[in-house]
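Now for the letters of each chain:
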Amino acid sequence: MLHLNSNNTMVRLIFLLKFTTVLFSMVNSSLPEDPIKCSSANRNCTITNSYGAFPDRSVCRAAEVAYPTTEEELISVVATATMSKRKMKVATRFSHSIPKLVCPDGEDGLLISTKFLNRTLEIDRERMTMSVESGVTLRQLINEAAKAGLALPYAPYWWGLTVGGMLGTGAHGSTLWGEGSSVHDYVIQIRIVTPAGPEEGHSKARTIVSGDPDLNAARVSLGVLGVISQVTLQLQPLFKRSITFSVKHDVDLGDQVARFGYQHEFADMTWYPSQRKAAYRIDDRVSSNVSGNGLNNFIGFRPMVSAVLAILRTTEENQEFKGDADGKCIIGELTASTLIISAYGLTNDGIVFTGYPVIGHHNRLQASGTCLDSLNDGRITACPWDPRVKGLFFHQTAFSVSMSKVKSFIQDVQKLIELEPKAMCGVELYNGILMRYVKASSAYLGKQEDAVDFDLTYYRSKDPMRPRLYEDILEEIEQIGLFKYGGLPHWGKNRNVGFEGVIKKYKKAEEFLKVKDMYDPLGLFSSGWTDKVLGLTDGVTIVKEGCALEGLCLCSQDIHCAPSTGYFCRPGRVYKDARVCTG
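About the thresholds
- Residues numbered from 1 in each chain as written.
- Predicted model: local features only at pLDDT ≥ 70, side-chain atom pairs only at ≥ 80, totals over all residues.
- Heavy atoms only, no water.
- Helix = DSSP H or I, 4+ residues; strand = E, 2+ residues; numbered from the N terminus.
- Buried < 20%, exposed > 50% of the residue type's maximum accessible area, 1.4 Å probe, protein only.
- Contact = heavy atoms within 4.5 Å.
- Areas by Shrake-Rupley, 256 points an atom, 1.4 Å probe, with all protein chains shown as cover.
- Phe/Tyr/Trp six-rings, centres within 6.5 Å; stacked < 30°, edge-to-face > 60°.
- Lys NZ or Arg CZ within 6 Å of the ring centre and 35° of its normal.
- Pairing = 2+ DSSP bridges.
- Salt bridge = Lys/Arg side-chain N within 4 Å of Asp/Glu carboxyl O.
- Axes fitted to C-alpha atoms, helices over the stretch in contact; angles between N-to-C directions.
- Nonpolar A, V, L, I, M, F, W, Y, C, P; charged D, E, K, R; others polar.
- Expected span 1.5 Å × (residues − 1).
- Polar contact = N/O pair within 3.5 Å; in protein donor to acceptor, adjacent residues only side chain to side chain.

1. Observations regarding the overall build of the chain
No. 1: When helices and strands are counted, the chain shows 14 helices and 29 strands.
No. 2: Across the 583 residues of the chain, 59% fall into the buried class.
No. 3: Intrachain contacts of the chain at a sequence separation of at least 6 include 71% that bridge at least 24 residues.
No. 4: By element, 53% of the accessible surface of the chain is carried by carbon and sulfur atoms, the whole surface being about 22,200 Å².

Here it is in structure tokens:
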């Protein structure tokens, strides 16, 4: 066990570890393992996400997994399962969705992995289109497009996502310009394999093109329509960007956020509420003649030494156990300052950061994830969240608030911080609140209005009965965003409570359900969880022992739910969040 003589020693150590992490970018790390594990060949399997835990901490089971390598094999797999009315779910290479989208019902279901459906099929430079299989990762897509002088203009920042996974969950980058920041709004054709009747061989590949209303269902599908096999995207000519981060006080953040997204094409903000500051990303296209070979190698997505991860995790566990808010605030400030000083991992030439602006080609700046650049080193290093090592273990809450309401939401959060100034220091340990712009979409389950997406990452205990420090404040922010301001949850993130009553927020939900019934009338690609999310059955939140850590709590004994305020969960009561655990 590590023993330190003083808080100053601890602070110096943490700073050294975090600074070492900034420099630690050229070392190989252990590649994340497949989220599917089977006890015998491809049978008797379990699946989880890349964090090793779903919101209810379960590991899902399936009788078998299939790894089709062609669309023909995929059609055969779906046909065989359809004949026996077997439940199916689609799984991706790295499985980054936090909710249980990949879990089939029961233990007799079939997992269909797109791991080997990972080829680029066609690039048409003249039409600026690119067709890929659904298991292609964002990194592959970016690189192959760039070789042809093309670019997907907007995308998530982590390149380990697959094309099918991005469409299934509505993944996005940040912009209010053009068609918006959601990848699915650049899809012009999808081929999807669905169940079918005996006369069609029990499965078929449907081609859905622009102009077909079914495309609005398939673009954001939650995986309940079938298996996406191929996707065609509308791209743009490759271009350059210029990026500068500017840190300001957050006193007028509510006013600024309403303007900033219209002023800069790739604008986003990182908010540190307890520090009362925000980092504004001033990010725009520039002429291809402007010199610069900038590179984005975001620090949080780099490999880290497993021993360093263990020290950082142990430190945070001790702070949580002792209720050491001051310690969290000190390290939160160190984290923010380290990231700001190091330009969040941007470099001017791919090696060092010499100053703003950072100018480079779009494909080198739009996403990163070098902890996936790896040989197997026995887990000496790993992605920071790899569950095989003692590293980061966290929840993520992400929801979008419409542009018309976002100022009021931000002001409400600021009022909470005035009451509890240290309440968000724990979030700042994970680089604060990422705020990205998203545009209204024609997809039935896409964004309904232009909005700002708020992404919060925060400590999760290994003990499901142990509350977080300032859990009540975090949960109040979550519920203000989702319920007071009608925020839409990110389909690939959030605890179950984020999806309570969510389908009522989508104006064309019934249109989506009609397509679902047409493509998969037996519900073979649905599960109990997706049925609840889509409003077909009740009970998306979890009622179990605990302090609302995963949604609702039910207590058989007194539990100290919120150490920061003294709230308790009383026997026999059911609570939606820690703040109302008052008995």
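2. A word on the environment of Thr314
No. 1: Mapped onto the elements of the fold, Thr314 is located in helix α7 (residues 306–322).
No. 2: For Thr314, a relative accessible area of 29% corresponds to the partly exposed category.

3. Topic: the packing of aromatic side chains
No. 1: Per the stated rule, a full pass over the model turns up 21 aromatic pairs.
No. 2: The ring of Phe239 is capped by Arg285, whose NZ or CZ atom sits 3.8 Å from the centre of that ring.

4. Let's talk about the pairing of strand β22 (residues 433–438)
No. 1: Counting buried residues in β22 gives 5 out of 6 residues, a clear majority hidden from the surface.
No. 2: Examined bridge by bridge, β22 and strand β23 (residues 451–459) share 6 bridges and lie antiparallel to one another. Bridge pairing in β23 links Leu434 to Asp455.

5. A few points about the pattern of salt bridges
Between side chains of opposite charge, pairing is possible as soon as their charged atoms come close.
No. 1: Applying the stated criterion to the full structure yields 31 salt bridges.
No. 2: One salt bridge in this structure joins Lys390 and Glu317, with 3.3 Å as the shortest N-O distance. Here the residue Lys390 occupies a position in the loop between β20 (381–382) and β21 (394–402), and Glu317 occupies one in helix α7, the gap between them amounting to 73 residues.
No. 3: Since its relative accessible area comes to 39%, Lys390 is described here as partly exposed.
No. 4: Notably, a salt bridge pairs Glu511 with Lys514, separated by 3.6 Å at the nearest N-O pair. A residue pair is termed a helical-turn pair when its members lie 3 or 4 positions apart in one helix, as Glu511 and Lys514 do in helix α13 (residues 509–519) at 3 residues.
No. 5: Residues joined by salt bridges that share partners form a network here, namely Arg241, Asp268, Arg281 and Asp283.

6. Structural notes on the packing of α7 against helix α8 (residues 325–341)
Packed helices, taken two at a time, are described by the angle between their axes plus the distance between the axes.
No. 1: Two numbers describe how α7 lies on α8: the axes approach to 8 Å, and their chain directions differ by 145°. Here Thr315, Glu316, Gln319 and Glu320 of α7 lie close against α8, whose contacting residues are Gly327, Lys328 and Ile331.
No. 2: Partitioning the contact of α7 with α8 into residue classes produces 1 nonpolar, 3 polar and 3 charged.

7. Re helix α10 (residues 406–419)
No. 1: The end-to-end C-alpha distance of α10, which contains 14 residues, comes to 20 Å, matching closely the 20 Å that a straight helix rising 1.5 Å per residue would cover.
No. 2: Inspection of α10 places Val406, Phe409, Ile410, Asp412, Val413, Gln414, Leu416 and Ile417 among the buried residues, and these make up the whole buried set.
No. 3: As for α10, its buried residues are in contact with α6 (253–263), β14 (268–272), β21, β22, β23 and α12 (471–484).

8. Overview of the environment of Arg259
No. 1: Note that Arg259 resides in helix α6.
No. 2: C-alpha of Arg259 to C-alpha of Met403: the two residues are 144 residues apart in sequence and 9.7 Å apart in space.

9. Section: the sheet that holds strand β1 (residues 36–40)
No. 1: Spatially, 5 strands are ordered β1-β2-β3-β5-β4 in an open sheet, and the strand pairing comes out mixed. Two strands bound the open sheet, and with one partner strand each, they are β1 and β4 (88–91). Averaged over all adjacent pairs, the angle separating strand axes in this sheet is 40°, with direction ignored.
No. 2: Across 4 bridges, the pairing between β1 and strand β2 (residues 43–47) is antiparallel. Within β2, the position partnered with Lys37 by the bridge is Thr46.
No. 3: Relative to strand β5 (residues 110–113), helix α2 (residues 71–83) is tilted by about 170°, and along the sheet it contacts β3 (60–66), β4 and β5.

10. Looking at the side chain of His395
No. 1: Along the chain, the position of His395 falls in strand β21.
No. 2: The exposure class of His395 is buried, given its relative accessible area of 4%.
No. 3: A distance of 3.3 Å separates the side chain of His395 from the side chain of Arg460, its partner in a polar contact.

11. What to know about the side chain of Arg281
No. 1: As for its placement among the helices and strands, Arg281 is situated in strand β15 (residues 277–286).
No. 2: A distance of 2.9 Å separates polar atoms of two side chains, one belonging to Arg281 and the other to Asp283.
No. 3: Residues within four places of Arg281 in sequence aside, it is in contact with Arg241, Ile243, Thr244, Phe245, Phe260, Phe266, Ala267, Asp268 and Leu365.

12. Quick look at unusual backbone geometry
No. 1: Of note, the bond from Tyr356 into Pro357 is cis; its omega dihedral lies within 30 degrees of zero at 0°.
No. 2: The backbone of Tyr470 shows a phi angle near 60°, a positive value even though the residue is not glycine.
No. 3: Tracing the sequence through the fold places Tyr470 in the loop between β23 and α12.
No. 4: We classify Tyr470 as buried; its relative accessible area is 11%.

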